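Observations on the model geometry
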Amino acid sequence: MRSPHAGRIEVAMFSGGRGGAGIGRHLLRTPGVALSVLINGYDNGLSTGALRRQLPGMLGPSDFRKNLLLHLDGDDPRDAALVAVLEYRFPAGSTRRDLDELVHALGSPGRREFAALPRRTRAAIVRDLTAFRHRLDADPRGFDLADCALGNLVFAGAYLRAGEDFNAAVRSCAWTFRSPARLVNVTGGENAYLAALKENGRVLADEADLVAPQDAAAVTDLFLLREPLTTRERAELDTWPVERRRRALAGRSTPVSPNPEALRALRDADLIVYAPGTPHSSLFPSYLTPGVPEAIRAARARAKVLVVNLREDHDVQGLAAADLVDLTLAYLGDPLNERGTVTHVLCHHAGAPGSGVPATPYGLADGGTWAGARWIITDLEDPERPGTHRGDRTAAVLTGIAGAAALVRAG
């Protein structure tokens, strides 16, 4: 088995929208690293939810759009123009005419923020936006553009052009925006809606509920539903006992298939990274994809590293770092870590009670072992952006772990 030091390091990273962005950005800047980012498409909040209702059958593009930004340097005029396309949001009161004017501006180098777009890129963006506009022409309901990201509309157009093939749209947009990372949806692209049940019986009806402020009761169950819960259905569920709610949600679940590209990325990886993010929306649903735990088990990687969040999220209030490790292992079907699903845990310095930083197990020193994994405890926080990982340092530690693991294998 070759060592990562002898050539390219293949990294497969589970991520969400922005939790692992700094880490991914610096992995891409590390010589010899080839990065695959594994994402799910269950986002259903606000304008993304509206777009999914406009195009029934399409998964949420927002986290894919955010990961198209990983390689873009704001100091390069061409990159700045790509960021302007991906991140532009329509203000309240925007109409179809505003969209038409924006497409016209993209079609010619007249608008300053888009002027540096390469001709090929400009043509691809206009082509995809035109496909979305044609769908609007066929729908008498119209579409509320307020706060909608232009990059999501580019994605929607790519989805329509690809015959409503979500994973083909991911590949198309990665080509359009020149992504050096391989962006991979973990599933075969089947449409599904995320819902959850809490220990106290509260139903979280969609992904937006999961990431929103909520009570501290633990999330006990995740479901992928065929259709989103209606207001009436949710009200009815609230009148039932907890176990009946669980059975009802399970009965509405829909199967999904694994994306063969995701399974290959995992099996061929020298390093698997479980990045930080909102666990019950960005990460755990990906781990539940059929075939994913088996691909991790069969991977050649000797290093499978969980990077612990720097701050609590609404869905995991009060949980310590060890609790997050236990949940990850449970969702990956290896609760005792008997199959080496997590070999290392990368954790920021232990947080004080009430600090919002997940605490490490009592008495555990840097390099100690807990839950079958080696813990690396160090300073990971970006001093300029509290609450986020310092990407360069975290990426360096990760590739160092991969290199050390490869040397052990070679020895």
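Not measured: the values here are computed from a predicted model.

So, about the packing of helix H7 (residues 150–161) against helix H8 (residues 166–176). Axis separation between H7 and H8 bottoms out at 8 Å; the angle between their running directions is 125°. Put simply, H7 runs oblique to H8. In the crossing of H7 with H8, the sense of the turn from one axis to the other is right-handed. Of the residues in H8, those in contact with Val154, Phe155, Ala158, Tyr159 and Arg161 of H7 are Phe166, Ala169, Val170, Ser172 and Cys173. Looking at side-chain class alone, the contact of H7 with H8 contains 8 nonpolar, 1 polar and 1 charged residues.

Formed by 117 residues in total, the largest nonpolar core has its most connected members in Phe14, Phe132 and Leu153. In terms of residues, this core owes the most to one element, H7, which gives 8 residues. Non-local contacts of Phe132, meaning those with residues more than four positions away in its chain, are made with Leu51, Leu55, Leu99, Phe143, Leu153, Ala156, Gly157 and Leu160. In terms of nonpolar packing, the next biggest core, distinct from the first, is built from 10 residues, Leu197, Val203, Phe223 and Leu225 among them.

Pairing in this open sheet of 3 strands is antiparallel, and the strands run S5-S4-S6 from one edge to the other. Only two strands of the sheet have a single neighbouring strand rather than two, namely strand S5 (203–204) and strand S6 (219–225). Strand direction decides the pairing type here: strand S4 (residues 193–198) and S6, joined by 6 bridges, are antiparallel. Paired with Leu197 across the two strands is Asp221, which belongs to S6. Lying over the sheet, helix H11 (residues 242–251) contacts S4, S5 and S6, oriented at roughly 30° with respect to S6.

Taken as a whole, helix H5 (residues 96–106) has its buried residues at Leu99, Leu102, Val103, Ala105 and Leu106. Each buried residue of H5 sits inside an arc of 160° when the element is viewed along its axis, so together they form one side. Exposed side of H5, more than 90 degrees from the buried face: Arg97 and His104 are the residues found there. Residues of H5 that are buried sit in contact with helix H4 (77–87), helix H6 (119–137) and H7.

Here we come to the pattern of salt bridges. As a working rule, side chains carrying opposite charge can pair if their charged atoms are close by. Applying the stated criterion across every chain yields a total of 25 salt bridges. For Glu101, the salt bridge goes to Arg97, with nearest N and O atoms at 3.3 Å. Note that Glu101 and Arg97 are positioned in helix H5 at a spacing of 4 residues, about one turn of the helix. Residue classification places Arg97 among the exposed residues on the basis of a relative accessible area of 62%. Between Asp128 and Arg161 there is a salt bridge, with its nearest N and O atoms 2.5 Å apart. Here the residue Asp128 occupies a position in helix H6, and Arg161 occupies one in helix H7, the gap between them amounting to 33 residues. Exposure remark for Asp128: the relative accessible area of 0% places this residue in the buried category. Taken together, the salt bridges that share partners define one network made up of Arg96, Asp100, Arg133 and Asp137.

Right, let's get into unusual backbone geometry. One non-glycine residue with positive phi stands out, namely Asn337, at about 60°. Inspection of the secondary structure puts Asn337 in the loop between helix H15 (321–331) and strand S9 (344–348). On the accessibility criterion, Asn337 (8% relative accessible area) is buried. Here Ala371, not a glycine, exhibits a phi torsion of approximately 55°, which is positive.

The next subject is the packing of H6 against H7. Orientation of H6 relative to H7, taken along the N-to-C sense of each, is 75°, at an axis distance of 7 Å. Our classification of the angle between H6 and H7 gives roughly perpendicular. Contacts between H6 and H7 involve Ile125, Arg127, Asp128, Leu129, Ala131, Phe132 and Arg135 from the first element and Leu150, Leu153, Val154, Ala156, Gly157, Ala158, Leu160 and Arg161 from the second. For the contact of H6 with H7, the residue count by class is 10 nonpolar, 1 polar and 4 charged.

Here we come to the packing of aromatic side chains. Under the criterion given, the structure shown has 10 aromatic pairs. A ring pair is formed by Phe14 and Tyr274, whose centres lie 5.8 Å apart and whose planes are at 5°; its orientation type is stacked. Note that Phe14 is positioned in strand S1 (residues 9–14) and Tyr274 in strand S7 (residues 271–274), a separation of 260 residues in sequence. With relative accessibility at 1%, the residue Phe14 sits in the buried group. On the accessibility criterion, Tyr274 (1% relative accessible area) is buried. Each ring, one from Tyr274 and one from Tyr287, has its centre 5.7 Å from the other, and the planes form 85°; the classification is edge-to-face. Taken together, the residues Tyr274 in strand S7 and Tyr287 in helix H13 (residues 279–287) connect sequence positions 13 residues apart. As far as the burial class goes, Tyr274 and Tyr287 line up, both buried.

When you line up the elements, Asp206 lands in the loop between S5 and helix H9 (207–211). It turns out Asp206 is buried and unbridged, and the closest side chain with the opposite charge, Arg234, is 5.8 Å from it. A polar side-chain atom of Asp206 sits 3.2 Å from the main-chain amide nitrogen of Ala208. Not counting residues up to four positions away in its chain, the partners in contact with Asp206 are Asn44 and Leu194.

What counts as what
- Residues numbered from 1 in each chain as written.
- Predicted model: local features only at pLDDT ≥ 70, side-chain atom pairs only at ≥ 80, totals over all residues.
- Heavy atoms only, no water.
- Axes fitted to C-alpha atoms, helices over the stretch in contact; angles between N-to-C directions.
- Helix = DSSP H or I, 4+ residues; strand = E, 2+ residues; numbered from the N terminus.
- Parallel < 35°, antiparallel > 145°, perpendicular 65-115°, else oblique.
- Left-handed = near helix turned anticlockwise from the far one by under 90°.
- Contact = heavy atoms within 4.5 Å.
- Nonpolar A, V, L, I, M, F, W, Y, C, P; charged D, E, K, R; others polar.
- Core = buried A, V, L, I, M, F, W, Y, C linked by side-chain atoms within 4.5 Å.
- Buried < 20%, exposed > 50% of the residue type's maximum accessible area, 1.4 Å probe, protein only.
- Pairing = 2+ DSSP bridges.
- Arc of directions from axis to C-beta.
- Salt bridge = Lys/Arg side-chain N within 4 Å of Asp/Glu carboxyl O.
- Phe/Tyr/Trp six-rings, centres within 6.5 Å; stacked < 30°, edge-to-face > 60°.
- Lys, Arg positive; Asp, Glu negative; His and termini not counted.
- Polar contact = N/O pair within 3.5 Å; in protein donor to acceptor, adjacent residues only side chain to side chain.

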